[in-house]
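Listed below are the residues making up each chain.
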Amino acid sequence: MNSFLLYALVGIVLLGMGLYRLVMDPHLVKKILALNISGAGVFLFLVAVADRIPGAAPDPVPHAMVLTGIVVGVSATAVALSLACRIKENNGTTELSKNEPE
Amino acid sequence: MESLLSLNDIVFDGLLALGLLVLAGSLLRSPDLFKAIVLFISFGLIMSLAWVRLKAVDIALAEAAIGAGLTGALFLAALSRIGRGRRKDESKEDRRPLSEEK
Amino acid sequence: MQNNANMNQVSRARRIAWIRQGLAALSVMALTVILGWTVWTLPPFSDRMPSLVAANLSNSGVENPVTAVLLNFRGYDTLLEIGVLLLAAVGVLSLAPKSDRSAETAPAQIQILLLRLLPFIVIVAAYLLWVGKYAPGGAFQAGAVLAAGGVLLVTSAVRLNHIAVKSIPIGLSIGLLTFLAVALATMISGRNFLQYPLPWAGALILAIEAAATISIAVILTILFIGRKPDGG
């Protein structure tokens, strides 16, 4: 197994774990954490695929894309956390309701 | 499989990958938010090492500063505003007259 | 009778929750397996991009391929990304709580840390900005390090003076404005959008990166503060 393959698979597994927790956990801040983990997994996957030719320099275009992605990710996280704090102040809780529709 | 991996590569990459998966798994499953955020910051730092292994040093610098550091600080600031955690002082409670006690 | 109906309802709810959990886990595992299979069967050659970048690197004005891609070959993406950062700052400022926090005092250790670290932070940031031309570095890393200094300032409860508060909007927008100014200048002088003239490419990229560093630092600090900083 190449070293790039290991990281690519780890990235995919991280994406899956984050997606599962994003869907299943009712607490908003946990959802935002899970979204960040998914994003980190996707970036790991992209950069691992950029490095898959042994002996050659890695492809710099995915590097630039992931750099952009990290910065945009922190902006989105900041806005999402602001929204979560406002929701807490308006509704008193940050847990989404678990009720099934009757 | 053209490239032969040295033992160093296998062990180091394997340990990094294992660390990433274990950190992500325990942070997504932890019910305590403060512990989850601290695990997230360490996850970001181990991710930085993974970027260096993938020859993406620019991304490693950006991830250590923005991904681990600033995102962690954002989460901690949001945690202190939401009011969960170990805070016990009363002055933070009467800022939000509409919220109920968590 | 009532007890029986309640128990049926509870077990039905539990079954629905179990089905939801199973469905989510199954779809996530299917996605993981499909992506994993795709990666496993990737061909071991790539498209023309790396060779294109390497061939045109001498025309870009810098020697670091990532900076060349970020600021020159795909400069439009970076322009919009700085715009997105500014939008996020506007979003966070507009969602800010109305309550004003009374001035908290910070423990003395943080203030000592701030005094010792701030010069190093500025020097490291300037170095990262400068070295982006030749080695890994650049505007985002430098801006992030400066933002760390900003976060330290905020947590040590430093009161900003009048001039600093007035210059925050300038700091927020100067990165985007400089980038746009350079882009429009290239258009006015007859070239395509963001096509730098070759002898000036390095200097223009450095100017854009310097303004972007300041902007990124201010924006990230504002994102951390969460509201408009009040000054004395």
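Shown above is the structure to which this text applies.
Residues numbered from 1 in each chain as written. Chains lettered and ligands numbered in written order. Predicted model: local features only at pLDDT ≥ 70, side-chain atom pairs only at ≥ 80, totals over all residues.

Draft legend 1. Here's a closer look at the overall build of chain A. Across its full length, chain A holds three helices and zero strands. The secondary structure elements of chain A, listed N-terminal to C-terminal, are α-α-α. What you see for chain A is a C-alpha radius of gyration of 17 Å, clearly larger than the 13 Å of a compact globule of 102 residues, by over 25%. Considered along the principal axes of its C-alpha atoms, chain A spans approximately 55 × 30 × 15 Å. Within chain A, buried positions represent 65% of all 102 residues. Summarising the internal contacts of chain A: among those between residues at least 6 apart in sequence, 57% fall at separations of at least 24. (Helix = DSSP H or I, 4+ residues; strand = E, 2+ residues; numbered from the N terminus. Rg over C-alpha atoms; globule rule 2.2 N^0.38 Å. Buried ≥ 20, exposed ≤ 12 C-beta atoms within 10 Å, placed from the backbone. Contact = placed C-beta atoms within 7 Å.)

Draft legend 2. Layout of the interface of chain C and chain A. Taken together, the contacts link 37 residues of chain C with 31 residues of chain A. The set of elements that each furnish at least two residues to the side of chain C that touches chain A consists of α1 (2-40), α2 (49-56), α3 (65-73) and α4 (75-94) of chain C. The dominant element in the side of chain C that touches chain A, judged by the number of residues it contributes, is α1 of chain C, at 12 residues. The residue inventory of the side of chain C that touches chain A, partitioned by class, reads 27 nonpolar, seven polar and three charged. (Nonpolar A, V, L, I, M, F, W, Y, C, P; charged D, E, K, R; others polar.)

Draft legend 3. Region of the structure containing the interface of chain A and chain B. Taken residue by residue, the interface counts 36 residues in chain A and 39 residues in chain B. The set of elements that each furnish at least two residues to the side of chain A that touches chain B consists of α1 (3-24), α2 (28-50) and α3 (60-91) of chain A.

Draft legend 4. Molecular detail of helix α2 (residues 33-53) of chain B. Compared with the 30 Å implied by 1.5 Å per residue over 21 residues, the 30 Å span of α2 of chain B between its first and last C-alpha is a close match. Among the residues making up α2 of chain B, those that are buried are Leu33, Ala36, Ile37, Phe40, Phe43, Gly44, Met47, Ser48, Ala50, Trp51 and Arg53 of chain B. (Expected span 1.5 Å × (residues − 1).)

Draft legend 5. Focus on the packing of helix α5 (residues 108-131) of chain C against helix α6 (residues 139-155) of chain C. Residue and element names in this part refer to chain C. At their nearest, the axes of α5 and α6 sit 9 Å apart, and the two run at 165° to each other. Viewed along their axes, α5 and α6 adopt a mutual orientation that is roughly antiparallel. As for the relative orientation of α5 and α6, their crossing is left-handed in sense. Two secondary-structure elements touch here, α5 through Ile110, Leu113, Leu114, Leu117, Leu118, Ile121, Val122, Val124, Ala125, Leu128 and Leu129 and α6 through Ala139, Gln141, Ala142, Val145, Leu146, Ala148, Gly149, Leu152, Leu153 and Thr155. In terms of residue class, the contact of α5 with α6 is made up of 18 nonpolar, three polar and no charged. (Axes fitted to C-alpha atoms, helices over the stretch in contact; angles between N-to-C directions. Parallel < 35°, antiparallel > 145°, perpendicular 65-115°, else oblique. Left-handed = near helix turned anticlockwise from the far one by under 90°.)

Draft legend 6. Summary view of the environment of proline 97 of chain C. Topologically, proline 97 of chain C is positioned in the loop between α4 and α5. Judged by local crowding, proline 97 of chain C falls into the partly exposed class, with 15 C-beta atoms found within 10 Å. When the C-alpha atoms of proline 97 of chain C and glycine 226 of chain C are compared, they prove to be 8.4 Å apart, with 129 residues separating the residues in sequence. In this structure proline 97 of chain C touches Glu89 of chain A together with Arg227 of chain C, once residues within four positions along its chain are discounted.

Draft legend 7. Structural view of unusual backbone geometry. With phi around 60°, lysine 55 of chain B is a residue other than glycine that occupies positive phi space. Among the secondary structure elements, lysine 55 of chain B is positioned in the loop between α2 and α3 (57-82). Look at leucine 194 of chain C: it is not a glycine, yet its phi comes out positive at around 65°. Relative to the assigned elements, leucine 194 of chain C resides in the loop between α8 (168-188) and α9 (201-225).

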